[in-house]
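Working through the structure, step by step
Spelled out from the first residue to the last, the chains are:
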Amino acid sequence: QVQLVESGGGLVQPGGSLRLSCAASGSIFSINAMGWYRQAPGKERELVATITKSGGTNYADSVKGRFTISRENAKNTMYLQMNSLKPEDTAVYYCNAEGVSYWHGRFNSWGQGTQVTVSS
């Protein structure tokens, strides 16, 4: 059992910044890939960014150059620094992690989501 909790969402004006955090807890042997996803009203959930255990990253074209994903493995924590925010970034942002737990083998867990609203 691995649980993820997102934090850091809120209301910002266009051009503003937010930093999201995702904390993983439970019987974690290892976390391999982690990622941020988002879902806007009436739209499908989409991948925003991913990061491997070694720090390799991938970004959706819509956020390249504006968002930065990072992780601190010792703390089982992942971050998403969001700069130059646009109204179209408005969505619920979800944390995802996959890896291996001590008691249940492989896991793929999701957080509860945190709301990001970009509006003037």
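Details of the structure are given in the entry above.
Now for a description of the structure that goes with this document. (Residues numbered from 1 in each chain as written. Predicted model: local features only at pLDDT ≥ 70, side-chain atom pairs only at ≥ 80, totals over all residues. Heavy atoms only, no water.)

**Observations concerning the overall build of the chain**
In terms of regular secondary structure, the chain is built from 0 helices and 11 strands. Its C-alpha radius of gyration of 14 Å places the chain within 12% of the 14 Å reference for a compact globule of 120 residues. Overall size of the chain, expressed as C-alpha extent along the three principal axes, is 45 × 25 × 20 Å. The 120 residues of the chain split such that 42% are buried. A separation threshold of at least 6 residues defines the contact pool for the chain, and within that pool the share at least 24 residues apart is 55%. By element, 48% of the accessible surface of the chain is carried by carbon and sulfur atoms, the whole surface being about 6,400 Å². Mean positive and mean negative side-chain charge positions of the chain (11 and 8 charges, respectively) differ by 5 Å. (Helix = DSSP H or I, 4+ residues; strand = E, 2+ residues; numbered from the N terminus. Rg over C-alpha atoms; globule rule 2.2 N^0.38 Å. Buried < 20%, exposed > 50% of the residue type's maximum accessible area, 1.4 Å probe, protein only. Contact = heavy atoms within 4.5 Å. Areas by Shrake-Rupley, 256 points an atom, 1.4 Å probe, with all protein chains shown as cover. Lys, Arg positive; Asp, Glu negative; His and termini not counted. Charge placed at Lys NZ, Arg CZ, Asp CG, Glu CD.)

**Notes on the state of the cysteines**
Overall, the coordinates contain 1 disulfide when judged by the stated rule. In this model C22 forms its disulfide with C95; the gap between the sulfur atoms is 1.8 Å. Here C22 and C95 share a disulfide; its torsion about the S-S bond, -70°, makes the bridge left-handed. Within this pair, whereas C22 is found in strand β3 (residues 18-26), its partner C95 is found in strand β9 (residues 91-101), the two being separated by 73 residues in sequence. For the pair shown, C22 and C95 are each scored as buried. (Disulfide = S-S within 2.5 Å.)

**Remarks on the pattern of salt bridges**
Per the stated rule, a full pass over the model turns up 5 salt bridges. A salt bridge links R38 to E46; the nearest nitrogen and oxygen atoms lie 2.8 Å apart. Looking at E46, the relative accessible area reads 33%, which means it is partly exposed. A salt bridge links R66 to D89; the shortest N-O distance between them is 2.7 Å. Here R66 is found in the loop between β6 (57-59) and β7 (67-72), whereas its partner D89 is found in the loop between β8 (77-82) and β9, with 23 residues between them in sequence. Salt bridges here are not isolated pairs; linked through shared partners, they connect R38, E46, R66 and D89. (Salt bridge = Lys/Arg side-chain N within 4 Å of Asp/Glu carboxyl O.)

**Let's talk about the nonpolar core**
Residues W36, L80, M82 and Y93 are the most contacted members of the largest nonpolar core, which totals 30 residues. Secondary structure elements with two or more residues in this core: β1 (2-7), β3, β4 (28-39), β5 (46-51), β7, β8, β9 and β11 (114-118). (Core = buried A, V, L, I, M, F, W, Y, C linked by side-chain atoms within 4.5 Å.)

**Details of unusual backbone geometry**
We note that N76 has phi near 50°; this positive angle belongs to a residue other than glycine. Its place among the elements puts N76 in the loop between β7 and β8. The partly exposed category is assigned to N76, whose relative accessible area is 25%.

The values reported here are purely geometric and, on their own, carry no functional implication.
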